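Structure assessment
Here is what each chain is made of, one letter per residue.
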Amino acid sequence: MSFKDMPKIRGFQVVNGSPRAKSLTIGMFKEKWKFHRDLPPTPVFAYGASRRTATVPGPTIEARHGIDTYVTWQNNLPSKHILPWDPTIPTAMPATKKGVRTVVHLHGGIHEPASDGNSNSWFTAGFNQRKGPYLV
């Protein structure tokens, strides 16, 4: 039994020998993940450039200081959550009461606070429903 290697995504491109800004698209997908050889796979929400490459935790974005990396997040999650959740929490309830909400952020980045996600700023698949400001 082998486990997936955690993927790396280059967050910059090289043009004529110089690093330049790059835009990435990273999606969230419902997958089965095997955390230990003696345990069965379990449902998870995984991150990746595609369903095939999605992992838990998500990919490492290799960036260069001073070179911008732009990430567009795509919520490809199902309409029903894999875990029970409390529908009485007002910030977590879409108007239609359908769709898995997601709040995304990066770890270890140097970025504006407005781009770091918060519980009052979420979206469902296809941005069908959203709350709070768009991340910039």
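Notes on the structure follow. (Residues numbered from 1 in each chain as written. Predicted model: local features only at pLDDT ≥ 70, side-chain atom pairs only at ≥ 80, totals over all residues. Heavy atoms only, no water.)

Here we look at the layout of surface pockets
When its volume is computed, the largest pocket comes out at roughly 1400 Å³. Taken together, 46 residues form the lining of the largest pocket, with Ile 61, Val 71, Trp 73, Leu 106 and His 111 sitting closest to its centre. Looking at the lining of the largest pocket, the elements that each hand over two or more residues are β3 (18-33), β4 (42-48), β5 (60-62), β6 (69-75), β7 (122-123) and β8 (130-131). Among the elements that make up the lining of the largest pocket, the one with the highest residue count is β6 (5 residues). A breakdown of the residues in the lining of the largest pocket according to their chemical character gives 25 nonpolar, 15 polar and 6 charged. (1 Å grid on protein atoms, 1.4 Å probe; cavity = no way out; pocket = protein on both sides within 12 Å on 5 of 7 lines; lining within 4 Å. Points joined across faces, edges and corners; volume = space filled by probe spheres on them. Helix = DSSP H or I, 4+ residues; strand = E, 2+ residues; numbered from the N terminus. Nonpolar A, V, L, I, M, F, W, Y, C, P; charged D, E, K, R; others polar.)

Here's the deal with the side chain of Thr 55
Tracing the backbone shows Thr 55 in the loop between β4 and β5. Looking at Thr 55, its side chain comes within polar contact range of the main-chain oxygen of Pro 57, at 2.7 Å. (Polar contact = N/O pair within 3.5 Å; in protein donor to acceptor, adjacent residues only side chain to side chain.)

Comments concerning unusual backbone geometry
A cis geometry characterises the amide bond from Val 56 onward to Pro 57, with omega recorded as -10 degrees. In this model, Asn 16 sits at a positive phi of 50 degrees, which is unusual for a non-glycine residue. Within the secondary structure, Asn 16 is located in the loop between β2 (12-15) and β3.

Describing the environment of Ala 63
Take Ala 63: it is sitting in the loop between β5 and β6. Between the C-alpha atoms of Ala 63 and Arg 10, which are 53 residues apart in sequence, the distance is 6.5 Å. Each residue touching Ala 63, except ones within four places of it in the same chain, is listed here: Phe 12 and Thr 69. (Contact = heavy atoms within 4.5 Å.)

With respect to the environment of Arg 51
Turning to its location among the elements, Arg 51 is positioned in the loop between β4 and β5. Along the primary structure Arg 51 and Ile 26 are separated by 25 residues, whereas in three dimensions their C-alpha atoms are 9.8 Å apart. Of note is the side chain of Arg 51, whose polar atom sits 3.2 Å from the backbone oxygen of Lys 30.

Observations regarding the pattern of salt bridges
Under the definition given, this model contains 2 salt bridges. Taking the shortest distance from any N to any O, the salt bridge between Arg 51 and Glu 31 comes out at 3.1 Å. Linking Arg 51 in the loop between β4 and β5 with Glu 31 in strand β3, this pair joins segments that are 20 residues apart in sequence. By relative accessible area, Arg 51 is classed as partly exposed at 45%. (Salt bridge = Lys/Arg side-chain N within 4 Å of Asp/Glu carboxyl O. Buried < 20%, exposed > 50% of the residue type's maximum accessible area, 1.4 Å probe, protein only.)

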